[in-house]
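# Topology and contacts: notes
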Amino acid sequence: MTEFPARHFAADADVIHIGEGLLARTLPREEWTHEAHLAATLYLLTCRPDIDLDAELPGIIRAYNESVGGVNDDTQGYHETITRTFLHGARLFLSEADLSEGLADLVNQFIHSPMGRRDWPLRFYSRERLFSVDARRKFVAPDLAALP
């Protein structure tokens, strides 16, 4: 997998901007990076207990994608298995993290943790299975190893 330099968050307000921008559908598309996905996930898990992510996150992401001109279909946009896998990874990260850290610090640590790596799902899924239409449409179980 191609390595990209990690984009870090300087302040908690930067993370809040991502999370609230996702919810309000005002986040500029070019800001919706891998790191922004991770930041939004940690923000929602730690700061927005009013949102049931297991039930609402798919709709939040689909609506955001459409608001910036994206399409959610069998080849692009929302991907159920990748979303669920990273949500699981975020919860795992938080279960081991020092929650007294500031939000930006937590996100930056998550970005550099095994669970925050772009290729983390490929520890559990073959490329064929992870990038299948079935996995995009619904959660499919890993075929290489169980999620921790």
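Please read these numbers as outputs of a predicted model, since none were measured by experiment. (Residues numbered from 1 in each chain as written. Predicted model: local features only at pLDDT ≥ 70, side-chain atom pairs only at ≥ 80, totals over all residues. Heavy atoms only, no water.)

## Concerning the overall build of the protein chain
Helix and strand counts for the protein chain come out as 7 helices and 0 strands. Shown N-terminal to C-terminal, the secondary structure of the protein chain runs as helices and strands in the order α-α-α-α-α-α-α. Relative to the globule expectation of 15 Å for 148 residues, the C-alpha radius of gyration of the protein chain, 15 Å, shows essentially globular dimensions. The principal-axis extent of the C-alpha atoms belonging to the protein chain is close to 40 × 35 × 30 Å. Split into buried and exposed, the 148 residues of the protein chain put 43% on the buried side. (Helix = DSSP H or I, 4+ residues; strand = E, 2+ residues; numbered from the N terminus. Rg over C-alpha atoms; globule rule 2.2 N^0.38 Å. Buried < 20%, exposed > 50% of the residue type's maximum accessible area, 1.4 Å probe, protein only.)

## Regarding the packing of helix H1 (residues 12-24) against helix H5 (residues 103-112)
Running from N to C, H1 and H5 point in directions that differ by 75°, and their axes come no closer than 7 Å. As far as their axial angle goes, H5 and H1 are roughly perpendicular. Side by side, H1 and H5 meet where Asp12, Val15 and Ile16 of the first sit next to Leu103, Ala104 and Val107 of the second. Grouping the amino acids of the contact of H1 with H5 by side-chain chemistry returns 5 nonpolar, no polar and 1 charged. (Axes fitted to C-alpha atoms, helices over the stretch in contact; angles between N-to-C directions. Parallel < 35°, antiparallel > 145°, perpendicular 65-115°, else oblique. Contact = heavy atoms within 4.5 Å. Nonpolar A, V, L, I, M, F, W, Y, C, P; charged D, E, K, R; others polar.)

## Describing the packing of aromatic side chains
The final tally for this structure, using the stated rule, is 4 aromatic pairs. A centroid spacing of 4.9 Å and a plane angle of 75° characterise the contact between Trp120 and Phe124, whose relative ring orientation is edge-to-face. In terms of burial, Trp120 and Phe124 fall into one category: buried. Members of the aromatic cluster, joined through ring pairs, are Phe86, Trp120 and Phe124. (Phe/Tyr/Trp six-rings, centres within 6.5 Å; stacked < 30°, edge-to-face > 60°.)

## Some words on the packing of helix H2 (residues 34-47) against helix H4 (residues 80-96)
Here H2 crosses H4 at 60°, and the two axes come no closer than 10 Å. In terms of orientation, H2 lies oblique with respect to H4. In the packing of H2 onto H4, the handedness of the crossing is right-handed. Here His34, Leu38, Thr41, Leu42, Leu45 and Thr46 of H2 come into contact with H4, specifically with Phe86, Leu87, Ala90, Arg91, Phe93 and Leu94. (Left-handed = near helix turned anticlockwise from the far one by under 90°.)

## Examining the side chain of Thr85
Structurally, Thr85 is set in helix H4. Here the side chain of Thr85 touches Thr81 through a polar contact of 2.7 Å, landing on its backbone oxygen. Residue contacts for Thr85: discarding those within four places in its chain leaves Trp120, Pro121, Tyr125, Phe139 and Leu147. (Polar contact = N/O pair within 3.5 Å; in protein donor to acceptor, adjacent residues only side chain to side chain.)

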